[in-house]
Amino acid sequence: PHRIDLAVIPGDGIGPEVTAEAVKVLRAAVGDDVELSLTDYELGAEHWLATGETLPDATLEQLRRHDAILFGAVGAAPGDTRIPSGLIEREFLLKLRFSLDHFVNLRPSKLYPGVASPLADPGVIDFVVVREGTEGPYTGNGGTLRGGTPHEVATEVSLNTAHGVERVVRDAFARASGRRKKLTLVHKHNVLVYAGHLWKRTVEAVAAEFPDVHHDYLHVDAAMIFLVTDPSRFDVIVTDNLFGDIVTDLAAAVSGGIGLAASANLNMDRTAPSMFEPVHGSAPDIAGQQVADPTAAILSGALLLRHLGLDAHAQRIEQAVEQDIASRSGARRTSAIGDAIAAAVS
Ligand code: NAD
Ligand code: IPM
Ligand code: MN
């Protein structure tokens, strides 16, 4: 494209700090090749406190018209009583992912050279988690009976459709086919028999279309062992929305930390814009101090460019990040990291 019409949602906490650096690097990476048009949207927990709005339908319709969305993070501190936990997560973030049909939540994990892993002998870590993004226990299919009494019953139903599982499994196989040709389904079909068996059957059926891809299966608990003891065994992991959330924070931790972990919420049918965001949250404990690592947000910008067909520009960002990481010594301010990477890509 010659022009990218980008929506930017900085959000709360460190969201604005890291998003500013991602924008800086995106501008530097595309240079004069692409005209970047940016529209800022003020949304998130602070916006809700000020206005009572989470994600108005009119705003959602405006967001729909952009080529892509760059998002920082939203959310209040866990102990903050001014905002009910889950309100902004559900009514803003999940509403966006569901409305824009972001069925592939792509979360790559790569241990870059020179990065300290908490693992003594990490080996080569280079895998992607393909996390389902629109179903599972995230759909709000739950309720409570006799709330607040000693007899309260709370349910949180996991929704899994054949259509929803099949499209994300097929995407994961296609990615594996373009990589080291190994796909691991992570689930828990020894306990979650209905959803687990749907996932297992779907993987076996779709596998027939990808004879070059080897596939295996791990229960999610055992998968956590191997993520720590032998992460190089993984190439593509496909899993549901909740397992994928948990797996990708551990994946980030073993491959250099949450400050480096990028993600893409992809609508692979391209019926709506995709959204790019770091895996981490608003980190209220370090917000406003310019100490957050903007690398995850910057790498999410690279995923954005790749999704829009700008592979060479995306690669330039990834290479600049790799060089920057390899040369890191002392602590640098958020903006200094962005400046260094921007200088290296332009
Ligand atoms: P978090 O990811 O915000 O923070 C976890 C820990 O990681 C904190 O110690 C934080 O300081 C650190 N951290 C996170 N990003 C970092 C960075 N770029 N550089 C250095 N350190 C970093 O998770 P949390 O504390 O569980 O959640 C805080 C809020 O964020 C909650 O309201 C939660 O719902 C929300 N959240 C939002 C998103 C999102 O918007 N996509 C994702 C996760 C959590
Ligand atoms: C993430 C976050 C979100 C999720 C929350 C904030 C809704 O943890 O993007 O990983 O669970 O998907
Ligand atoms: Mn998460």
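Quantities reported herein were computed from a predicted structural model and do not represent experimental measurements.

About the thresholds
- Residues numbered from 1 in each chain as written.
- Chains lettered and ligands numbered in written order.
- Predicted model: local features only at pLDDT ≥ 70, side-chain atom pairs only at ≥ 80, totals over all residues.
- Helix = DSSP H or I, 4+ residues; strand = E, 2+ residues; numbered from the N terminus.
- Buried ≥ 20, exposed ≤ 12 C-beta atoms within 10 Å, placed from the backbone.
- Axes fitted to C-alpha atoms, helices over the stretch in contact; angles between N-to-C directions.
- Parallel < 35°, antiparallel > 145°, perpendicular 65-115°, else oblique.
- Left-handed = near helix turned anticlockwise from the far one by under 90°.
- Contact = placed C-beta atoms within 7 Å.
- Nonpolar A, V, L, I, M, F, W, Y, C, P; charged D, E, K, R; others polar.
- Pairing = 2+ DSSP bridges.
- Near = placed C-beta within 6 Å.
- UniProt positions renumbered as here; feature names shortened; annotations may be inferred.
- Expected span 1.5 Å × (residues − 1).

By the secondary structure assignment, Thr 19 is in helix 1 (residues 15–30). In this structure Thr 19 comes out as buried when scored by C-beta crowding, with 26 C-beta atoms within 10 Å.

What follows is about the packing of helix 7 (residues 220–229) against helix 8 (residues 241–254). In contact at an axis separation of 10 Å, helix 7 and helix 8 are set at 10 degrees when each is read in the N-to-C sense. Taken together, the axes of helix 7 and helix 8 lie roughly parallel to each other. For the pair helix 7 and helix 8, the sense of crossing is right-handed. Two secondary-structure elements touch here, helix 7 through Val 220, Ala 223, Met 224, Leu 227 and Val 228 and helix 8 through Phe 243, Val 247, Leu 250, Ala 251 and Val 254. Partitioning the contact of helix 7 with helix 8 into residue classes produces 10 nonpolar, no polar and no charged.

Remark on secondary structure: sheet strands pair via backbone hydrogen bonds, oriented parallel or antiparallel. Read across the sheet, 10 strands follow the order 2-1-3-12-11-4-5-10-8-9 without closing on themselves; strand pairing throughout is mixed. Lying at the two open borders of the sheet, with one neighbouring strand each, are strand 2 (35–40) and strand 9 (214–219). Across the sheet, the mean angle from the axis of one strand to that of its neighbour is 25 degrees, orientation sign disregarded. Judged from the 6 bridges that link them, strand 1 (residues 3–11) and strand 2 form a sheet pairing that is parallel.

Okay, the site of ligand 2 next. Close contacts around ligand 2 come from Gly 75, Glu 89, Leu 93, Leu 94, Asp 245, Val 279 and Gly 281, and that covers them all. No other element matches helix 4 (residues 87–99), which puts 3 residues into the shell around ligand 2. Looking at the shell around ligand 2, its residues break down into 3 nonpolar, 2 polar and 2 charged.

Take the UniProt feature "site: Important for catalysis" (unreviewed entry) in the protein next. Under the UniProt annotation, the feature "site: Important for catalysis" (unreviewed entry) is placed at Tyr 138 and Lys 188. Turning to its location among the elements, Tyr 138 is positioned in strand 6 (residues 136–145). Using a count of 22 C-beta atoms within 10 Å as the deciding quantity, one classes Tyr 138 as buried. Inspection of the secondary structure assignment puts Lys 188 in the loop between strand 8 (182–187) and helix 6 (193–207). Overall, Lys 188 belongs to the partly exposed group, with 19 C-beta atoms counted inside 10 Å. In this view, Lys 188 contacts Gly 196, His 219 and Val 220; residues no more than four positions away in its chain are not counted.

Moving on: helix 9 (residues 295–307). The terminal C-alpha atoms of helix 9, which comprises 13 residues, lie 18 Å apart, in line with the 18 Å expected from a rise of 1.5 Å per residue. With 12 of 13 residues buried, helix 9 is to be regarded as a mostly interior element. Thr 295, Ala 296, Ala 297, Ile 298, Leu 299, Ser 300, Gly 301, Ala 302, Leu 303, Leu 304, Leu 305 and His 307 are the residues of helix 9 that are buried. Summarising the contacts, the buried residues of helix 9 are in contact with helix 1, strand 3 (68–73), strand 11 (262–266), strand 12 (274–278), helix 10 (311–326) and helix 11 (334–345). Looking one or two places after helix 9, you find Gly 309, whose phi comes out positive at around 90 degrees.

Let us look at the site of ligand 1. Taken together, 21 residues form the shell around ligand 1, and within it Gly 75, Gly 259, His 280, Gly 281 and Ala 283 come nearest. When the residues that make up the shell around ligand 1 are grouped by side-chain class, the tally is 12 nonpolar, 5 polar and 4 charged.

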